[in-house]
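Each chain, written out:
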Amino acid sequence: MAVNTFPQLSNDNDKVALVEVDQSYSYGTVNERIDRFASGLLAGEQDLEEERIAFFIPASLDYVTVLHGVWRAGGIAVPLNVASAVAELDHYLSCASVTRMIANSEYHEALSELCASLNIELVSVDQVLADSVGALPKIDETRRAMMLFTSGTTNKPKGVVSTHKTIKAQITTLIDAWEWSENDVIPLFLPLHHIHGIINILSCGLWAGATVHLFSKFDIPRITEQVTSGTYNVFMAVPTIYVKLIQYFDSTDPATVRAICDGFAEMRLNISGSAACPVKLFKQWQDLTGQVLLERYGMTEIGMGISNPYHGERRAGCVGQALPGVEVQLFDEYDSPITEEALAGEIRIKGENVFLEYWDNPKATSESFKDGWFCTGDVAVWEDGFYRIMGRSSVDIIKSGGYKLSALEIEGVLLTHDDIAEVAVIGVPDDTWGEAVTAFIGLKPGASLEYEDLKTWCEGRMSSYKIPKHIKLVDALPRNAMGKVTKPALKELV
Ligand code: MCA
Ligand code: AMP
């Protein structure tokens with residue numbers, strides 16, 4: 001297969017690139033629409049010169065048009081979570097100094113006040129599309145291309161900036177490692193503001209000339225129907241999706257389940273990632289479908305770093321070996337490389353796949369690198385030829401259903417509740433979500449709080465998947481001599 005350089009989309013014009021409900025779009029149609037959108041964005045200018053253009057668009061032809069249109073016109077694409085609470089968008093838009101926001105007209109009413117207050121022009125794809133294609137700039141691949149927001153050990157999410165070169169390295173590594181080809185057909189139901197959906201599925205698929213079926217959400221009945229009819233040969237998801245499929249099987253008649261599992265069995269590849277895949281789940285999936293899940297490890301800042309092999313042993317509970325072009329090294333707490341087997345250390349990464357910077361945050365950028373290595377904060381061991389993830393160095397990061405959540409960000413919102421005096425949020429092991437957001441709350445004197453009331457209060461203030469699944473009322477939070485909440489003590493309480 002011929003691999004393109006920028007603009008990262010196959011030019012096999014007649015081949016179907018995207019399927020959206022019952023509409024199909026060929027690569028020729030998609031490419032031409034992207035060029036017209038890029039021309040409309042430029043509106044006579046030569047180059048967007050890294051203007052930050054945000055978009056609030058579910059998985060669709062429009063989403064692809066905007067992502068690639070911004071790239072081709074020389075801008076920085078800032079895809080936003082369409083499930084975000086409007087209150088959260090303020091931070092993303094102001095942090096990135098966004099000047100234009102592209103959103104479907106149905107969202108304009110909800111977004112117009114915020115955009116006006118930040119002096120952001122709010123337009124729809126149709127309003128931007130030019131009638132014909134004009135001259136597009138030549139973009140150096142070292143230029144900034146995309147900003148994705150990631151939660152971390154700070155209160156507010158940081159903007160992770162990658163260049164065209166970073167994105168190209170992330171895509172081509174996976175195309176080679178997982179043997180993507182134009183014969184592949186894959187469903188895409190993951191959100192399109194994270195690497196998993198944007199790079200691993202959409203971008204790899206479109207670069208390889210494959211066909212990507214777009215879903216605005218994880219629609220189990222429709223997707224499993226198409227799995228049964230043999231539509232797909234590749235499937236990529238977070239562990240929670242495999243759990244939800246198995247739960248769905250429990251409530252479905254055995255003949256239908258058998259047909260769905262046969263559909264999975266026929267595929268060439270099933271991948272799990274974004275969070276740890278429990279060994280039990282790996283085995284259940286193998287028993288049901290015969291598929292040996294390929295588990296891999298990645299991060300917004302690095303794309304994919306470690307993967308079980310396409311050919312060869314895929315070991316349950318392990319994430320495999322360094323991907324080609326990616327350097328992986330474990331380090332101990334004194335920053336010395338670990339050379340001994342079975343000793344746990346922080347995963348650090350080097351390679352063209354690594355991001356450029358945290359937007360407008362040189363301090364955070366320099367603190368996240370040591371001697372040229374990006375420090376992931378994840379702890380692993382090397383065991384008999386495989387990396388195994390042991391956990392994270394921070395208790396303030398929670399992985400729920402594949403989403404990385406900041407405990408501090410959730411605490412910050414909960415503390416604005418009139419009845420809450422103090423709060424500590426942790427992730428508690430959970431069979432469906434991996435970790436469930438759990439809030440320990442100390443109330444103000446005389447106050448009371450019901451879970452359902454708090455949940456309602458949270459709606460609109462945070463994305464729904466961040467809302468605590470459980471609350472525990474406490475007289476006082478456990479604190480150390482310095483007055484800091486001891487979260488490990490809370491974990492022991494659960
Ligand atoms: C939905 N809900 C959740 C989550 N998702 N609660 C906790 N954690 C979640 N992740 C809640 C909703 O708030 C709602 O609650 C109820 O579940 C039903 O919501 P719905 O949207 O219908 O749920 P779903 O469609 O079943 O969504 C589950 C999901 C979704 C499909 C697993 O969470 C998802 O797409 N996760 C993947 C995220 C992802 O792509 N992560 C990759 C980032 P209520 O009913 O109470 O209102 S990591 C990454 O990119 C790195 C590089 C990597 O390694 O891949
Ligand atoms: P994000 O920054 O949202 O891209 O999430 C990246 C984080 O997800 C990593 O730092 C890990 O903590 C976690 N992660 C990704 N893949 C795996 C995996 N296969 N096993 C365990 N954790 C994972």
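Please refer to the structure placed before this passage.
Residues numbered from 1 in each chain as written. Chains lettered and ligands numbered in written order. Predicted model: local features only at pLDDT ≥ 70, side-chain atom pairs only at ≥ 80, totals over all residues. Heavy atoms only, no water.

Draft legend 1. Just the overall build of the protein, in detail. Broken down by element type, the protein carries 15 helices and 26 strands. Expected size for 494 residues packed as a compact globule is a radius of gyration near 23 Å; at 23 Å, the protein falls within 12% of this value. Projecting the C-alpha coordinates of the protein onto the three principal axes gives extents of approximately 65 × 55 × 55 Å. Across the 494 residues of the protein, 57% fall into the buried class. (Helix = DSSP H or I, 4+ residues; strand = E, 2+ residues; numbered from the N terminus. Rg over C-alpha atoms; globule rule 2.2 N^0.38 Å. Buried < 20%, exposed > 50% of the residue type's maximum accessible area, 1.4 Å probe, protein only.)

Draft legend 2. Structural detail: the pairing of strand E14 (residues 303-307). Most of E14 sits out of view: five of its five residues are buried. The hairpin formed by strand E13 (residues 294-299) and E14 contains three residues between the paired strands. Alignment of E14 against strand E15 (residues 321-322), held across two bridges, turns out to be antiparallel. Considered in E15, the bridge of Ser 307 is made with Gln 321. (Pairing = 2+ DSSP bridges.)

Draft legend 3. How the structure looks around the packing of helix H6 (residues 164-177) against helix H7 (residues 195-208). As a packed pair, H6 and H7 sit with axes 9 Å apart at the nearest point and diverge in direction by 70 degrees. Looking at the two axes, H6 sits roughly perpendicular to H7. The two elements H6 and H7 cross, and the hand of that crossing is right-handed. Between H6, through Ile 167, Lys 168, Gln 170, Ile 171, Thr 172, Leu 174 and Ile 175, and H7, the contact on the second element is made entirely by Ile 195, Ile 199, Asn 200, Ser 203, Cys 204, Trp 207 and Ala 208. For the contact of H6 with H7, the per-class residue count stands at nine nonpolar, four polar and one charged. (Axes fitted to C-alpha atoms, helices over the stretch in contact; angles between N-to-C directions. Parallel < 35°, antiparallel > 145°, perpendicular 65-115°, else oblique. Left-handed = near helix turned anticlockwise from the far one by under 90°. Contact = heavy atoms within 4.5 Å. Nonpolar A, V, L, I, M, F, W, Y, C, P; charged D, E, K, R; others polar.)

Draft legend 4. Seen up close, the pattern of salt bridges. Evaluated as defined, the whole model comprises 26 salt bridges. Of the charged contacts in the structure, one is a salt bridge between Asp 62 and Arg 33, with a shortest N-O distance of 2.9 Å. Residue Asp 62 is located in helix H2 (residues 61-73), and its partner Arg 33 is located in helix H1 (residues 27-42); the two are separated by 29 residues in the primary sequence. Linking Lys 487 and Asp 396 is a salt bridge whose minimum nitrogen-to-oxygen distance equals 2.7 Å. Here Lys 487, found in helix H15 (residues 487-493), pairs with Asp 396, found in the loop between strand E21 (386-392) and strand E22 (397-400); they are 91 residues apart in sequence, far enough to count as distant. You can call Asp 396 buried: its relative accessible area is 14%. Where salt bridges share partners, they join Asp 47, Glu 50, Arg 143, Arg 144 and Glu 357 into one cluster. (Salt bridge = Lys/Arg side-chain N within 4 Å of Asp/Glu carboxyl O.)

Draft legend 5. Main features of the site of ligand 1. Close contacts around ligand 1 come from 27 residues, with Ser 274, Arg 296, Ser 400, Lys 455 and Lys 469 the closest. Separating an oxygen atom of ligand 1 from a backbone N or O atom of Ile 195 is a distance of 3.5 Å. Contact between ligand 1 and Gly 298: an oxygen atom at 3.4 Å from a main-chain N or O atom of the residue. Contact with the protein chains hides 79% of the accessible area of ligand 1, taken as 1000 Å² for the molecule alone. Contributions of two or more residues to the shell around ligand 1 are made by H7, helix H9 (239-250), E13 and E22. Looking at side-chain class alone, the shell around ligand 1 contains eleven nonpolar, ten polar and six charged residues. (Near = heavy atom within 4 Å. Polar contact = N/O pair within 3.5 Å; in protein donor to acceptor, adjacent residues only side chain to side chain. Areas by Shrake-Rupley, 256 points an atom, 1.4 Å probe, with all protein chains shown as cover.)

Draft legend 6. Here's a closer look at the sheet that holds strand E1 (residues 16-20). Reading across the sheet, the four strands line up as E2-E1-E10-E9 and stay open at both edges, with mixed pairing between neighbours. Both outer strands of the open sheet, strand E2 (23-26) and strand E9 (185-188), are each paired with one neighbouring strand and no more. Taking each pair of neighbouring strands and ignoring which way they run, the sheet shows an average axis angle of 20 degrees. Both E1 and strand E10 (residues 211-214) contribute to a ladder of three bridges, which runs parallel. Bridge assignment links Glu 20 to a residue of E10, and that residue is Leu 214. The strands touched by H1 are E1 and E2; relative to E2, the strand with the most contacts, the crossing angle is about 75 degrees.

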